[in-house]
Amino acid sequence: MMKKKSISASKASLVLFLCQMISALDVPLDLSQPPTITQQSPKDYIVDPRENIVIQCEAKGKPPPSFSWTRNGTHFDIDKDAQVTMKPNSGTLVINIMNGGKAEAYEGVYQCTARNERGAAISNNIVIRPSRSPLWTKEKLEPNQVREGDSLVLHCRPPVGLPPPIIFWMDNAFQRLPQSERVSQGLNGDLYFSNVQPEDTREDYICYARFNHTQTIQQKQPISVKVFSTKPVTERQPILLTPTGSTSTKVELRGNVLLLECIAAGLPTPVIRWIKEGGELPANRTFFENFKKTLKIVDVSEADSGNYKCIARNILGSAHHVISVTVKAAPYWITAPRNLVLSPGEDGTLICRANGNPKPNISWLANGVPIAIAPEDPSRKVDGDTIIFSHVQERSSAVYQCNASNEYGYLLANAFVNVLAEPPRILTPANKLYQVIADSPALLDCAYFGSPKPEIEWFKGVKGSILSGSEYVFHDNGTLEIPVAQKDSTGTYTCVARNELGKIQNEVQLEVKDPTMIIKQPEYKVIQRYGQVSFECIIKHDSTLLPTVIWLKDNDELPDDERFLVGKDNLTIMNVTDKDDGTYTCIVNTTLDSVSASAVLTVVAAPPTPAIIYARPNPPFDLELTGQLERSVELSWIPGDENNSPITNFVIEYEDGLHEPGVWHYQTEVPGTQTTVQLKLSPYVNYSFRVIAVNEIGRSQPSEPSEQYLTKSANPDENPSNVQGIGSEPDNLVITWESLKGFQSNGPGLQYKVSWRQKDVDDEWTSVIVANVSKYIVSGTPTFVPYEIKVQALNDLGYAPEPSEVIGHSGEDLPMVAPGNVQVHVINSTLAKVHWDPVPLKTVRGHLQGYKVYYWKVQSLSRRSRRHVEKKILTFRGNKTFGMLPGLEPYSSYKLNVRVVNGKGEGPASPDKVFKTPEGVPSSPSFLKITNPTLDSLTLEWGSPTHPNGVLTSYILKFQPINNTHELGPLVEIRIPANESSLILKNLNYSTRYKFYFNAQTSVGSGSQITEEAVTIMDEAGILRPAVGAGKVQPLYPRIRNVTTAAAETYANISWEYEGPDHANFYVEYGVAGSKEDWKKEIVNGSRSFFVLKGLTPGTAYKVRVGAEGLSGFRSSEDVFETGPAMASRQVDIATQGWFIGLMCAVALLILILLIVCFIRRNKGGKYPVKEKEDAHADPEIQPMKEDDGTFGEYSDAEDHKPLKKGSRTPSDRTVKKEDSDDSLVDYGEGVNGQFNEDGSFIGQYSGKKEKEPAEGNESSEAPSPVNAMNSFV
């Protein structure tokens, strides 16, 4: 069915506007008139305190008005305030805040007065207030512990801003927190949970306040919520979280938006419903928001007052709340006063009527002064809301203000009385053309002015009679309306305006056009799926109008799908699918009218058909070239068989038989419904074309080539790209470019015109023409100067367009001077900062790339020995004038120099600068040997530190005894002069094991310590005396202790000691330190006491612990280690070392002796004290290798690593430094895993930790082992 779009609504709005203007005709600006305020700032004006304050006041009048301001009721003298200016020919104030003014100083109530000789108009009272976005007050937020199913309110309490902020809740990732019927934000910004669920647990509930005026966002501290579960969760009936109580009141102003809110707690989540008691919610103005928790009524009026009830309900019951709403009203106009133009002696009235709740008071002012104290005017009389004028004279001209106010606001209107004597004038342009559609209204304007008010008459034609009758409507503003214009209404219309002072006329033209019609409308269609359908839309229109046709589907744009083809008079849909069902509308628009017609398409399933074989299409054939032009040609073809799959598109390719014969290039592609295409061509190309058809199965074979078409030659269309100028030598400039390819030449004889000239010098261009190459070298140039360069293509027919210029540089040369004023500031023993003055850019003679600092160690101040000089280089990019030198050796003498670098290389070096690093702490002594044991003495020998890093002041020796139960005795400390290398310790206990801690000192402090253990010899009887208290301290079973780690870059060796039942199955748990992730678990193969963790992340701290399967809750304490970069070290094959072979032989012999003794004791019936023997310590000579000095030692307990008197010097990365150990797990990697005894213990166990100073008291030092047990029988 066809629908014709009506234009009467728009015309009716124009009529309404004209009616409103009946008594408010504008006075032409060339006539005297009182001021009229045309623009002013809003009454409540909130300004940005960071920007200038602009208070608008614009007015018109004749003569042009002058402006003045009051502030807070008193005259505001802007000349006395340097920050305040008034715009020229305007009353607008600009208060300069950005150059020193403070917005707070200009808060207040401002009013503008525009005045000329005929009166004074005033603006509203403009209240200026700077916006405020205060910070959140600091508060301590306690975590919220909530039981599952309970309600919860997270309070936002934003800072009070001006205007109030917009509140929203987000998380730490700045993502909005999801809201639902269960969780939502209230109008006050609080976040309400009707009931909490375990998924509500999080630590980042953050309330944000956005202050739009200052474009700032303030953030509240994160709020933590933890939901704990109790089973079962108790369901509860609804209770209201807000508002509280059973009733409340709300006052809203007329015209505002009324927002009422109810949020309830309960489980299941309550549903909210709203009703108005004794009435209905207003239709079209009622909206529900926030999951129906908020009732929103827009544009409220007094009729919306009443009681509104919200009801919260779930399966267990309901709760309700009644809100009593009262709608008040600020004053609003019923009749606002309008400007009055009178001629001398005429009468008139100004009417000011307003309403409100409560009823507003009406007061009058004349020229901004209360009318009661204004100058007397015998022609006026005030009667409440009306001023009556009688027999006015020119002096009666003035501006009157009507003020209507109540407690909720005020209205202020200016209306002037202008007494003029003016002959008529017509303001509508002469011969204005009006065009309308037949049978629609025609409105012909005749805007006029005159005083007294002219009378208007209309005539048709030059000599026609005056128009009258019901077929015409004459409006007071002079407009002639023809309600139903016909074709014979076309013609010339004359408007005549006359008053007692004169007469004037004006002609306008009216053209009536034929309406646009759809003579063949689209029809209802039923089509099978995958078929093709077409809708027709044939139109008839006025020949002078240009129509446009638009097709819609379901009142929206057509899908962006190439299956939809819009023709001149139809819409075709290819390969129809179910989603194409719908209503299709054809809309025809012209500049004057619009018509439309619609039809429905129904898609049905296709009937069953035999199996269809789908294949790629056959190639197109019969290619034909027509319409040959210099730059285009039309190609047409006949499609081949589509083989049951519609052709979706055709691909057109071309061959250039002149430049690249046999090579086919992509040209374009067209839809499958198109069989002709207009192709754009390039000059000087011998074209052949072929076409390939494409369907959903694939591409056809190419068609046979078309006939060849050679296009004419032409000038090149483009110039070479990527033009550059870079010198290869100090005295040349190498100009390069990317040559044009193939048909880009547009003709034979392709060459290039290369032009250059020195930049910033008044030189002429130098040009050469070169063959088809891509480089040209300009010789004899100054060193590193900028050049303007351009390369233009040309052929036998002429030049390409003028090329763009690029900037290049001639060749660079080495810098001429070295940096000066080199200064070195030593920051600490390993770091220094070097400064230098930059070299002048002219001496760089190239692109400044940076500066290089060469520095090298001259000698160590502690040894005074020179060594091979290894220079180090640091490069600092750009125009830097300082740099840091890291990794220096303490207590050493260094030299350095600085050189500038450009693209050519380095400049000369600055004079060598000498600097020295201060002392540092020394490394550990190079070795510690304990020899010559006697009953009460031991001899200690040591080597000085490999890196003393200063002047050694002394050595510190600490030692303490260890009894048979691994308990440590009191610690003794001895200070030894730095020039000593041995010491005999006397008065020791016989047959006692001692542990020694040894380190060197400089004036800076103590270095790393080295540890060792030794035993004084037995007494004369050759039998060890039992230790005091032996057997009283029993170890706890089971027990895993001494968990130690040796970490490399991506793996770590974990080892431990175990006391407990045999055949325990161990596992290792580990994770990233400080992470909440679950522990990762690795099972240890067998009952061995070591494991290698692989696949670790470099530079990461890990936590580790060891446990035993089958022993509930039994695991070791946690240890922490950190992976680091792999340390370079010597690779030593331990199996080929002589000392290792000897050690293995000694161990085998001792095991054999142990077995013999055990066998003898067993045969004699004696008891074998296994536990006591396992607790005994082994002789130092058969101990596993220690980490620090390459000697052999045992693992120590975790307690061994606790400091007794001073802090630990264990590195934070838990790795063994190269200088501390030349034989570490870093050297051996995982090779140590294969070296263990039959019982699973290591033959040579390595620790990745340094020994720490011992703890005072009796604590276990080492684990029992078969090797230790042998010490009792030697």
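Analysis parameters
Residues numbered from 1 in each chain as written. Predicted model: local features only at pLDDT ≥ 70, side-chain atom pairs only at ≥ 80, totals over all residues. Heavy atoms only, no water. Helix = DSSP H or I, 4+ residues; strand = E, 2+ residues; numbered from the N terminus. Buried < 20%, exposed > 50% of the residue type's maximum accessible area, 1.4 Å probe, protein only. Contact = heavy atoms within 4.5 Å. Areas by Shrake-Rupley, 256 points an atom, 1.4 Å probe, with all protein chains shown as cover. Pairing = 2+ DSSP bridges. Axes fitted to C-alpha atoms, helices over the stretch in contact; angles between N-to-C directions. Core = buried A, V, L, I, M, F, W, Y, C linked by side-chain atoms within 4.5 Å. Phe/Tyr/Trp six-rings, centres within 6.5 Å; stacked < 30°, edge-to-face > 60°. Patch = residues over 30% accessible without salt bridge, like charges linked within 9 Å, V, L, I, M, F, W, Y side chains within 5 Å. Salt bridge = Lys/Arg side-chain N within 4 Å of Asp/Glu carboxyl O. pLDDT = per-residue confidence, 0-100. Disulfide = S-S within 2.5 Å. Polar contact = N/O pair within 3.5 Å; in protein donor to acceptor, adjacent residues only side chain to side chain.

## Concerning the overall build of the chain
Link 1 in the chain: Looking only at helices and strands, the chain features six helices and 93 strands.
Link 2 in the chain: A buried classification covers 45% of the 1274 residues belonging to the chain.
Link 3 in the chain: Of the contacts formed within the chain by residues at least 6 apart in sequence, a portion of 67% connects residues at least 24 apart.
Link 4 in the chain: Of the roughly 64,400 Å² of accessible surface on the chain, a fraction of 51% belongs to carbon and sulfur atoms.

## Here's the deal with the sheet that holds strand E81 (residues 938-945)
Link 1 in the chain: Across the sheet, which stays open at both edges, the three strands sit in the order E80-E81-E84 with antiparallel pairing between neighbours. Of all the strands in the sheet, just strand E80 (925-931) and strand E84 (982-985) have a single pairing partner and so form its edges. The sheet shows a mean angle of 15 degrees between the axes of neighbouring strands, direction not considered.
Link 2 in the chain: Bridging between E80 and E81 involves six bridges; their strand directions are antiparallel.

## Thoughts on the nonpolar core
Link 1 in the chain: With 29 residues, the main nonpolar core has Ile 53, Ile 55, Trp 69, Ile 95, Tyr 110 and Ile 128 as its most contacted residues.
Link 2 in the chain: Those elements that place two or more of their residues in this core are strand E3 (44-47), strand E4 (53-55), strand E5 (57-62), strand E6 (66-71), strand E9 (93-95), strand E10 (108-116) and strand E12 (126-130).
Link 3 in the chain: Here this core takes three residues from E10, the largest share from any one element.
Link 4 in the chain: Apart from residues lying up to four places away in sequence, Ile 55 is in contact with Ser 41, Tyr 45, Trp 69, Gly 91, Thr 92, Leu 93, Ile 95, Tyr 110, Ile 126 and Ile 128.

## Considering the packing of aromatic side chains
Link 1 in the chain: Inspection of every chain in the model, using the stated rule, returns 23 aromatic pairs.
Link 2 in the chain: Between the aromatic rings of Phe 174 and Tyr 208, the centroid separation amounts to 6.3 Å while the plane-to-plane angle is 50 degrees, which identifies the pairing as tilted. With a gap of 34 residues between them, Phe 174 in the loop between strand E15 (166-170) and strand E16 (183-185) and Tyr 208 in strand E18 (residues 202-211) connect regions that are remote in the sequence.
Link 3 in the chain: A residue is classified by how much of its surface remains accessible, and Phe 174, at 54% relative accessible area, is exposed.
Link 4 in the chain: Accessibility expressed as a relative area gives 5% for Tyr 208, which makes it buried.
Link 5 in the chain: Measuring from ring centre to ring centre gives 6.4 Å for Tyr 1070 and Tyr 1102, while their planes differ by 55 degrees; the resulting arrangement is tilted.

## Section: a nonpolar patch on the surface
Link 1 in the chain: On the surface, Leu 1149, Leu 1152, Ile 1153, Ile 1156, Phe 1159 and Ile 1160 cluster together to form a nonpolar patch covering roughly 570 Å² of accessible area.
Link 2 in the chain: Along the chain, Ile 1153 turns up in helix H3 (residues 1138-1163).

## Quick notes on the environment of Asn 144
Link 1 in the chain: Within the element layout of this structure, Asn 144 appears in strand E13 (residues 144-147).
Link 2 in the chain: Beyond its immediate stretch of four places on either side in the chain, Asn 144 contacts Leu 152, Leu 154, Ile 223, Ser 224, Val 225 and Lys 226.

## Observations regarding the sheet that holds strand E61 (residues 660-671)
Link 1 in the chain: With respect to topology, four strands assemble into an open sheet ordered E61-E60-E63-E64, the strand pairing being antiparallel. Two strands lie at the open edges of the sheet, namely E61 and strand E64 (709-710), each paired on one side alone.
Link 2 in the chain: One ladder, built from eight bridges, connects strand E60 (residues 649-656) with strand E63 (residues 686-694); its direction is antiparallel. Across the sheet, the residue bridging to Ile 652 is Val 691, located in E63.

## So, the environment of Arg 115
Link 1 in the chain: Examined against the element boundaries, Arg 115 turns out to sit in strand E10.
Link 2 in the chain: Owing to a relative accessible area of 42%, Arg 115 belongs among the partly exposed residues under this scheme.
Link 3 in the chain: Not counting residues within four places of it along the chain, the set of residues in contact with Arg 115 comprises Pro 35, Pro 65, Ser 66, Ala 120 and Asn 367.

## Notes on the confidence of the model for the chain
Close reading of the predicted structure is inappropriate where its pLDDT is low.
Link 1 in the chain: Mean pLDDT over the chain stands at 83; residues scoring 70 or higher make up 85%.
Link 2 in the chain: Here residues 1020-1037 is a poorly scored stretch, pLDDT under 50, and it has 20 contacts once near neighbours within four places are set aside; other chains count.

## Re the pairing of E6
Each regular strand shows side chains that alternate between the opposite faces of the sheet.
Link 1 in the chain: Two elements, E6 and E10, share six bridges in a ladder whose sense is antiparallel. Across the sheet, Phe 67 pairs through a bridge with Ala 114, a residue of E10.
Link 2 in the chain: Direction of pairing for E6 relative to strand E7 (residues 74-75): antiparallel, over a ladder of two bridges. Paired with Arg 71 across the two strands is Thr 74, which belongs to E7.

## Let's talk about the state of the cysteines
Linking two cysteines covalently via their sulfur atoms produces the bond known as a disulfide.
Link 1 in the chain: A full pass over the atoms with the stated rule returns six disulfides.
Link 2 in the chain: Disulfide partner of Cys 352: Cys 402, at an S-S distance of 1.7 Å. Judged by the torsion about the S-S bond (-65 degrees), the Cys 352/Cys 402 disulfide is left-handed. Taken together, the residues span a long stretch of sequence, with Cys 352 in the loop between strand E31 (348-351) and strand E32 (353-357) and Cys 402 in strand E37 (residues 398-406) at a distance of 50 residues. Like Cys 352, the residue Cys 402 is buried in the burial classification.
Link 3 in the chain: Indicated for the chain is the disulfide connectivity 1-2, 3-4, 5-6, 7-8, 9-10, 11-12, based on numbering the bonded cysteines in sequence order.

## A few points about the pattern of salt bridges
Link 1 in the chain: Counting across every chain of the model gives 38 salt bridges.
Link 2 in the chain: One salt bridge connects Glu 457 with Arg 498, and the closest N-O pair in it is separated by 2.6 Å. Taken as a pair, Glu 457 in strand E43 (residues 455-460) and Arg 498 in strand E46 (residues 491-499) lie far apart in primary sequence, 41 residues in all.
Link 3 in the chain: Given the relative accessible area of 24%, Glu 457 is considered partly exposed.
Link 4 in the chain: Take Arg 498: its relative accessible area is 29%, and that puts it in the partly exposed class.

## Things to note about unusual backbone geometry
Link 1 in the chain: In the segment running from Lys 231 into Pro 232, the intervening peptide bond is cis, with an omega of -5 degrees.
Link 2 in the chain: Within the secondary structure, Pro 232 sits in the loop between strand E20 (223-228) and strand E21 (236-242).
Link 3 in the chain: With omega at 5 degrees, the peptide bond leading from Leu 267 into Pro 268 counts as cis.
Link 4 in the chain: Positive phi outside glycine occurs at Asn 431, with the angle close to 55 degrees.
Link 5 in the chain: Residue class for Asn 431 comes out partly exposed when judged on its relative accessible area of 48%.

## Points about the pairing of strand E42 (residues 448-451)
Link 1 in the chain: The side-chain alternation of E42 yields two buried faces, one formed by Tyr 448 and Gly 450 and the other by Phe 449 and Ser 451.
Link 2 in the chain: Sheet topology places strand E39 (residues 422-426) next to E42; three bridges connect them, and they run antiparallel. Bridge pairing in E42 places Ile 426 opposite Tyr 448.

## Some points on the side chain of Ser 90
Link 1 in the chain: Here Ser 90 is to be found in the loop between strand E8 (84-86) and E9.
Link 2 in the chain: When residues no more than four places from it in sequence are discounted, the contact partners of Ser 90 are Cys 57, Glu 58 and Phe 67.

## Notes on the environment of Trp 69
Link 1 in the chain: In this fold, Trp 69 is placed in strand E6.
Link 2 in the chain: Counting along the chain gives 42 residues from Trp 69 to Gln 111, while the straight-line C-alpha distance between them is 5.6 Å.
Link 3 in the chain: In this structure the side chain of Trp 69 is engaged in a polar contact, spanning 2.9 Å, whose partner is the backbone oxygen of Gly 91.

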